[in-house]
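Read off the chains here:
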Amino acid sequence: MNNKKNFNPDKDFYWLAFFSFLLFVVVIIAFYREANPEWKKYQREFKNYLEENISPESASAFEFSVKQLWLPELNKVDRCISCHLGYDQPNLTEAPEPYAAHPDILPHSVLKMGCTICHGGQGFALKKKDAHGEVEHWEEPMLGAKLAKKYGFESEKILMQMNCNTCHRRDEDLTGMEMINLGKNLLTQKKKCQTCHIIDGKGGKLAADLTFIGDKPAERFDFSQIKDKLIESERPLSVLSWHFEHFMNPKAVVPDSKMPYVKYTEEEAWALAMLMMSWRSVSLPVMLIPEEKREEVPPPEKKLEKRKLSIVEWGKELFESKGCSECHTIGGGVEVGPDLIGITKLRDIQWLRKMILDPEKMEQTDPLAKKLYQEYEETGMPTEELTLQEVEAIIKYIESFNKESN
Amino acid sequence: MKENERKITRRFFFGVLGKTSIIVALLAEAIGAIKAFIPKVLYEPPSKFKIGKPEDIPEGITFLPQHRLYIFRNNDDFHAISAVCTHLKCIVDWKPDQREFYCPCHGSIFSQAGINLTGPAPKPLPWYPLSLAPDGNLVIDSSKQVKPDYKYSL
Amino acid sequence: MKEKLTNIWRKLTWSWSPRSEREASESVIKNFWLHWFPSRISLRSLGWSYSLWLGTIAACLFIILAITGLLLLYFYIPSVRSAYWSIKDLENVVVFGSLLRAQHRWAAELMVAVVFIHLMRVFFTASYRDQRVWNWYIGIGLLVITLFLSFTGYILPWDQLAYWALTIGMSIASEIPFLGKSISFLLAGGNVLGQNSLLRFFVLHNFFLPAMLLFLFALHMWRIRKDGGLTSMDRLIRETQLKETPVSPTKSYSLLGVTEGTTIQVTTTQVLDERNSVRSSPHLLRRIAVVFLITTIFTLGLALLSPAPLEEPANPSVTPIPAKAPWYFLWLQELIAITTIKIGKITISGGLIGGILVPGFLFLLAILWPFLDRSPKEAIGVWFHKKRRIQNSVFILICVVIIVLIIIGLYLRGPYWKFFWPWQPWPEIPAQF
């Protein structure tokens with residue numbers, strides 16, 4: 001080491017030459033990788049397909065490049081079309097995937113909306129796995145066949161309906177949105193969730209605000225009751241599964257839940273779960289709202305048809321639309337609240353009127369109301385906006401059952 | 001009388017004036033530069049903020065993400081507990097089963113009243129006072145702290 | 001014509017490949033870039049096995065970081081709305097963007113490790129003693145700046161990893177007694193972490209810290225010359241048994257004519273001769289070039305094999321489970337998690353103990369050690385000298401503890417900071433779909 005004879009300067013020279021060459025090799029590898037990205041392989045295949053099946057001219061007109069749909073109003077750039085190359089060519093409907101033409105989705109337009117707004121995924125990515133969102137740390141996977149299979153759905157399009165409804169929330173009975181339509185029907189016609197939950201600014205305060213429940217991150221949901229069940233049944237551990245389980249049996253997911261148990265079929269529960277996931281806050285640029293609807297923000301009230309109703313019929317309508325039937329039956333047993341059969345004879349009619357008009361106040365001040373509150377596990381009866389005539393109608397409706405039972 | 005040779009000439013006077021001025025000016029510039037870095041106006045939510053009308057707060061426990069706190073409602077009684085862990089400022093999660101707050105960062109556990117039970121958190125979660133604004137909204141003052149038996153009744 | 005070109009080429013590059021002894025010695029005087037090298041360098045210092053060339057590797061890593069960083073600067077947007085997406089653009093569409101970012105990331109992680117191993121080498125060879133204590137301090141300064149450069153860079157992608165690492169870091173900073181709250185307020189540019197914080201960290205990462213690093217680096221190099229080179233020289237001098245030369249206060253001994261007397265710089269020139277040294281130009285330069293090439297190939301290779309990570313966009317209302325600091329700070333986070341002491345009603349925050357006091361104590365030890373070291377002069381410039389057994393062992397123990405804490409933090413801590421053995425699976429974390 002300290003002997004000049006042992007030091008050979010040529011050795012260093014050869015090391016230098018060797019490592020320079022190694023650097024050269026590594027740089028060549030880097031350039032090769034950069035020059036042969038994944039998408040190029042698909043584009044080459046596409047060009048061949050055009051050559052053989054369409055025309056040589058179309059093949060030679062095809063240029064290799066990254067193709068993208070840049071939508072600054074939506075703050076999105078979708079590069080799916082770098083591989084899904086036939087999307088806008090109607091003569092390619094029979095082409096093999098991923099080159100097939102996009103099915104007709106009028107009045108929607110791929111050019112104006114991009115891809116990910118409906119399909120999900122990581123639109124700006126250029127590798128298949130990244131773009132389809134099948135990677136860690138991306139919360140919006142493509143809502144396609146792979147994901148549907150995980151949930152046991154056969155149709156590959158079924159999950160996309162969630163994204164449809166993020167924009168089409170205010171619309172009803174749209175084609176192609178069967179599950180969502182089912183969910184909405186269940187919501188408005190059969191069950192009145194707004195009795196306890198706020199939806200769209202209106203509703204009760206007994207449970208969570210559901211207006212933008214689809215935005216709630218997974219970390220804020222409690223999976224402790226259903227985790228093992230989901231893992232065992234090999235269902236995905238996701239918020240969508242959580243909603244499904246919750247609709248099927250609320251108390252199994254949230255042990256002290258006051259949500260009434262409703263026997264839903266599995267299809268209905270999935271429909272409702274998908275409806276929940278679709279309720280996200282989204283700011284739509286005006287250009288995407290169709291002309292006819294631009295004045296309708298906020299959506300119009302449903303026009304009530306003026307019909308001639310008897311007071312009992314009116315009372316029945318109110319009993320259901322105001323949510324009383326959520327918690328009370330008349331002659332059907334105790335649900336969340338007491339069975340109201342014969343209540344007009346059991347209680348003082350003035351007390352009943354006050355109770356229907358402002359139960360929350362009664363629960364604070366009236367001793368009988370307080371006692372009932374305790375008896376029924378402190379659930380509480382929410383106060384609805386009622387006119388005095390409406391209160392009368394409800395009482396008359398309940399009373400009508402007395403005559404029947406006699 | 002001064003025996004000192006040095007008289008206060010014009011030259012001397014101006015020399016002193018010039019040197020002092022420039023030193024003070026440069027110092028002031030330096031202080032000005034430093035002051036620029038201490039922000040006085042912040043793009044942050046104010047420490048006193050409105051969280052909506054009492055009627056609109058659901059019963060039970062609600063997490064307000066933009067204010068990082070949990071609002072408790074029991075009929076007409078309200079109280080607010082900060083959701084920021086007193087250890088290293090992660091957001092704690094409410095576990096309804098155990099009725100406790102869990103911090104995902106280092107496993108600190110707080111009771112329903114925000115008392116630190118286990119884990120490295122040194123202090124309990126702070127409670128903030130509430131009040132009612134003239135327009136009917138509930139106001140929380142996160143710059144003040146109250147005791148864990150506080151409740152605001154309508 | 002060819003002759004003319006050759007002449008011009010010769011004129012420009014003669015100092016890098018000197019053709020005579022005279023040219024070789026003149027090159028270190030006449031070439032700006034070579035002025036910091038000595039004219040001759042001992043074979044021991046030149047050897048691979050003494051210093052392992054760790055300092056050079058660290059410097060090469062910094063150059064790679066500066067170049068890749070400068071290129072990245074053209075693509076990164078320091079705004080909380082755009083930072084994350086600009087990095088996604090780098091990953092997906094910028095030509096060589098993913099490679100650039102990955103090389104930058106790997107070089108940064110390696111630099112922290114190499115700088116620390118370099119410190120270990122300096123400690124084991126007692127190269128911080130006597131006149132080298134100033135260089136030791138400059139080196140510690142360089143270590144601290146390297147750590148802060150790495151930390152400020154970690155924040156810039158503004159993803160979940162960055163945001164919560166910043167939250168934890170700021171909480172530790174605010175535990176500093178007296179000044180803590182003001183420091184974290186100034187660094188964060190406010191009470192909450194947001195645009196101000198990102199911008200301040202961006203400027204720190206890209207200007208102030210590199211400037212300070214370069215300044216201290218220059219000082220570090222200057223000190224090496226002033227201290228008489230590497231400590232392998234000290235050993236050489238001891239072994240050479242110099243004859244006492246009379247001291248002359250007016251005579252200069254070195255090539256540059258600026259030293260007088262019998263300081264180490266003078267003694268060095270007397271000891272080095274044809275048998276035990278070579279000219280710096282070209283031999284030292286060649287080896288530096290080799291080291292630079294190896295470092296470049298290594299970082300580029302790692303970048304080709306493994307891209308830099310990126311998590312979800314930063315979300316202040318959702319803490320990832322678990323939230324961890326970068327690996328070089330994980331030992332601190334682990335300490336903080338286990339050092340909260342409760343004595344009756346008084347709780348001393350782990351943030352203070354593990355985050356400030358323990359590292360503060362180690363820092364103080366590092367500052368004072370050159371004066372507390374009692375080993376003899378024979379131990380300087382020697383690896384694992386037997387008279388330094390005790391202090392070497394204690395030092396190794398401290399390093400091992402830190403490494404073990406880092407490993408625990410990396411691999412054995414799962415959600416809620418619970419302890420998991422390597423064979424225990426972590427609980428699955430639910431996702432949206």
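Residues numbered from 1 in each chain as written. Chains lettered and ligands numbered in written order. Predicted model: local features only at pLDDT ≥ 70, side-chain atom pairs only at ≥ 80, totals over all residues. Heavy atoms only, no water.

Caption draft 1: Region of interest: the overall build of chain C. A tally of helices and strands in chain C yields 17 helices and four strands. Dimensions of chain C, computed from C-alpha atoms along their principal axes, come out at roughly 75 × 65 × 45 Å. The buried share of chain C, taken over its 433 residues, is 51%. Considering only residue pairs separated by 6 or more positions, chain C has 75% of its internal contacts joining residues 24 or more positions apart. Total accessible area computed for chain C in this model is approximately 21,800 Å², and 71% of it derives from carbon and sulfur atoms. (Helix = DSSP H or I, 4+ residues; strand = E, 2+ residues; numbered from the N terminus. Buried < 20%, exposed > 50% of the residue type's maximum accessible area, 1.4 Å probe, protein only. Contact = heavy atoms within 4.5 Å. Areas by Shrake-Rupley, 256 points an atom, 1.4 Å probe, with all protein chains shown as cover.)

Caption draft 2: Region of the structure containing the overall build of chain A. Helices and strands together make up the secondary structure of chain A, namely 20 helices and four strands. On C-alpha atoms alone, chain A measures out to a radius of gyration of 31 Å, which is more than a quarter above the 22 Å that the 2.2 N^0.38 rule sets for 406 residues. Each of the three principal axes of chain A carries a C-alpha extent, and together these read 115 × 70 × 35 Å. Here chain A holds 406 residues, and the buried ones make up 39% of them. (Rg over C-alpha atoms; globule rule 2.2 N^0.38 Å.)

Caption draft 3: The arrangement of the domain arrangement of chain A in detail. Each domain of chain A was delimited in the assignment, giving domain 1 (4-35), domain 2 (38-142), domain 3 (178-286) and domain 4 (311-405). On a C-alpha basis, the centres of domain 1 of chain A and domain 3 of chain A stand 62 Å from each other. (Domains from an automatic or database assignment.)

Caption draft 4: Fine view of the pairing of strand β3 (residues 69-74) of chain B. All names here are of chain B. Most of β3 is tucked away: five of the six residues are buried. Note that strand β2 (residues 60-64) and β3 share five bridges and pair antiparallel. Looking at the pairing, G60 lines up with R73 of β3. Between the end of β2 and the start of β3, which pair antiparallel, lie four residues, with R68 showing a positive phi angle near 55 degrees. Here β3 pairs with strand β4 (residues 77-82) via six bridges, running antiparallel. (Pairing = 2+ DSSP bridges.)

Caption draft 5: Region of interest: the nonpolar core. Judged by nonpolar contacts, the single largest core of 67 residues is most densely connected at I71, V92, L130 and I140 of chain B. Top contributing element to this core by residue count: helix α9 (residues 160-173) of chain C, with seven residues. (Core = buried A, V, L, I, M, F, W, Y, C linked by side-chain atoms within 4.5 Å.)

Caption draft 6: View of the sheet that holds strand β5 (residues 93-95) of chain B. With antiparallel pairing, four strands are arranged side by side in an open sheet as β5-β6-β7-β8 (chain B). Because the sheet does not close on itself, it has two edges, and the strands there are β5 and β8 (116-118) of chain B.

Caption draft 7: A look at helix α17 (residues 349-357) of chain A. Within the span of α17 of chain A, buried status applies to W351, L352, M355 and I356 of chain A. With its buried residues spanning 130 degrees around the axis, α17 of chain A presents them on a single face. (Arc of directions from axis to C-beta.)

Caption draft 8: Structural detail: the interface of chain C and chain B. Listed by partner, the interface residues are 31 residues for chain C and 26 residues for chain B. Buried area between chain C and chain B, both sides added, is near 2,300 Å², and the carbon and sulfur share of it is 60%. Linking chain C to chain B there are zero salt bridges. The tally of links from chain C across to chain B stands at four residue pairs in polar contact (both at pLDDT 80 or more). Those elements giving two or more residues to the side of chain C that touches chain B turn out to be α9, α10 (180-188), α11 (195-226) and α15 (327-338) of chain C. With six residues, α9 of chain C is the largest single contributor of residues to the side of chain C that touches chain B. (Buried area = accessible area lost by both parts, 1.4 Å probe. Salt bridge = Lys/Arg side-chain N within 4 Å of Asp/Glu carboxyl O. Polar contact = N/O pair within 3.5 Å; in protein donor to acceptor, adjacent residues only side chain to side chain.)

Caption draft 9: Local environment of the sheet that holds strand β11 (residues 138-141) of chain B. Residue and element names in this part refer to chain B. Pairing within the open sheet is antiparallel, and its three strands lie in the order β1-β11-β10. A single partner strand is all that each edge strand has here, and the edge strands are β1 (48-50) and β10 (130-132). Averaged over all neighbouring strand pairs, the angle between strand axes comes to 30 degrees, with direction disregarded. Where β1 meets β11, three bridges bridge the pair, whose relative direction is antiparallel. Note that in β11 the partner of F49 across the bridge is I140. (Axes fitted to C-alpha atoms, helices over the stretch in contact; angles between N-to-C directions.)

Caption draft 10: Inspection of the interface of chain A and chain C at higher detail. Taken together, the contacts link 47 residues of chain A with 46 residues of chain C. For the pair chain A and chain C, the two sides together bury roughly 4,200 Å², of which 67% comes from carbon and sulfur. For the interface between chain A and chain C, the tally reads two salt bridges. The tally of links from chain A across to chain C stands at 11 residue pairs in polar contact (both at pLDDT 80 or more). Residue assignment for the side of chain A that touches chain C shows that the elements contributing at least two residues are α1 (9-35) and α11 (239-248) of chain A. Among the residues forming the side of chain A that touches chain C, the class breakdown is 30 nonpolar, seven polar and 10 charged. (Nonpolar A, V, L, I, M, F, W, Y, C, P; charged D, E, K, R; others polar.)

Caption draft 11: Up close: the pattern of salt bridges. Taken as a whole and assessed by the stated rule, the structure comprises 29 salt bridges over all chains. R40 of chain C serves as the salt-bridge partner of E274 of chain C, at 3.5 Å between the closest nitrogen and oxygen. With E274 of chain C in the loop between α13 (264-271) and β2 (277-279) and R40 of chain C in strand β1 (residues 40-42), this residue pair connects regions lying 234 residues apart in the sequence. Salt-bridge contacts for R101 of chain C lead to E91 of chain C; the nearest nitrogen and oxygen are separated by 2.5 Å. Pair noted here: R101 of chain C is in helix α7 (residues 97-124) and E91 of chain C is in helix α6 (residues 83-92), with a separation of 10 residues, a long-range link. Taken together, the salt bridges that share partners define one network made up of R169, R170 and D200 of chain A.

Caption draft 12: Just the packing of α11 of chain A against helix α13 (residues 266-278) of chain A, in detail. Residues and elements named next belong to chain A. Following both chains from N to C, one finds α11 and α13 inclined at 130 degrees, their axes separated by 8 Å at the closest point. Considered as vectors, α11 and α13 are oriented oblique to each other. For the crossing formed where α11 meets α13, the hand is right-handed. Contacts between α11 and α13 involve V239, L240, H243, F244, F247 and M248 from the first element and E266, A269, W270, L272, A273, M274, M276 and M277 from the second. Grouping the constituent residues of the contact of α11 with α13 by class yields 12 nonpolar, one polar and one charged. (Parallel < 35°, antiparallel > 145°, perpendicular 65-115°, else oblique. Left-handed = near helix turned anticlockwise from the far one by under 90°.)

Caption draft 13: A look at the packing of aromatic side chains. Residue and element names in this part refer to chain A. Within the structure shown, the criterion is met by 51 aromatic pairs over all chains. With a centroid separation of 5.8 Å and an interplanar angle of 25 degrees, the aromatic rings of W15 and F19 are classed as stacked. Placement of the pair is W15 and F19 together in helix α1, with a separation of four residues, close to one helical turn. The exposure class of F19 is buried, given its relative accessible area of 12%. (Phe/Tyr/Trp six-rings, centres within 6.5 Å; stacked < 30°, edge-to-face > 60°.)

Caption draft 14: Layout of the environment of G176 of chain A. Residues and elements named next belong to chain A. Note on placement: G176 falls in the loop between α8 (161-167) and α9 (178-190). Residue classification places G176 among the partly exposed residues on the basis of a relative accessible area of 45%. The spacing of G176 and M160 is 16 residues in sequence and 9.7 Å in space, taken between C-alpha atoms.

Caption draft 15: Molecular detail of the side chain of S82 of chain A. All names here are of chain A. Among the secondary structure elements, S82 is positioned in the loop between β2 (76-78) and α4 (110-113). S82 sits in the buried class, given a relative accessible area of 1%. Separated by 2.7 Å, the side chain of S82 and the backbone oxygen of K67 make a polar contact. When near neighbours in sequence (up to four residues on either side) are disregarded, S82 contacts W39, Q43, V66, K67 and L126.

Caption draft 16: Expanded view of a nonpolar patch on the surface. Residues and elements named next belong to chain B. A surface patch of nonpolar side chains, about 590 Å² in accessible area, is lined by I8, F12, F13, F14, V16 and L17. Counting through the fold element by element, L17 comes out in helix α1 (residues 10-36). For L17, a relative accessible area of 40% translates into the label partly exposed. (Patch = residues over 30% accessible without salt bridge, like charges linked within 9 Å, V, L, I, M, F, W, Y side chains within 5 Å.)

Caption draft 17: Highlighting the packing of helix α8 (residues 133-155) of chain C against α9 of chain C. Residues and elements named next belong to chain C. Between α8 and α9, whose axes approach to 8 Å, the crossing angle comes to 135 degrees. Overall, the two elements α8 and α9 adopt an arrangement that is oblique. Only L161, A162, A165, L166 and G169 of α9 make contact with α8, whose side of the interface consists of F151, Y154 and I155. Of the residues in the contact of α8 with α9, the class split is seven nonpolar, one polar and no charged.

Caption draft 18: Main features of the state of the cysteines. Residue and element names in this part refer to chain A. For the structure on display, the rule yields zero disulfides over all chains. Between C164, a free cysteine, and C118, which holds the nearest cysteine sulfur, the sulfur-to-sulfur gap is 5.9 Å. The partly exposed category is assigned to C164, whose relative accessible area is 23%. Note on C193: no disulfide assigned, nearest cysteine sulfur contributed by C196 at a separation of 9.0 Å. (Disulfide = S-S within 2.5 Å.)

Caption draft 19: Structural view of the pairing of β11 of chain B. What you see with β11 of chain B is no split at all: L138 and I140 of chain B on one side and V139 and D141 of chain B on the other are buried throughout. Hairpin geometry of β10 of chain B and β11 of chain B is characterised by an intervening segment of five residues between the two adjacent antiparallel strands and by a positive phi of about 90 degrees at G136 of chain B.

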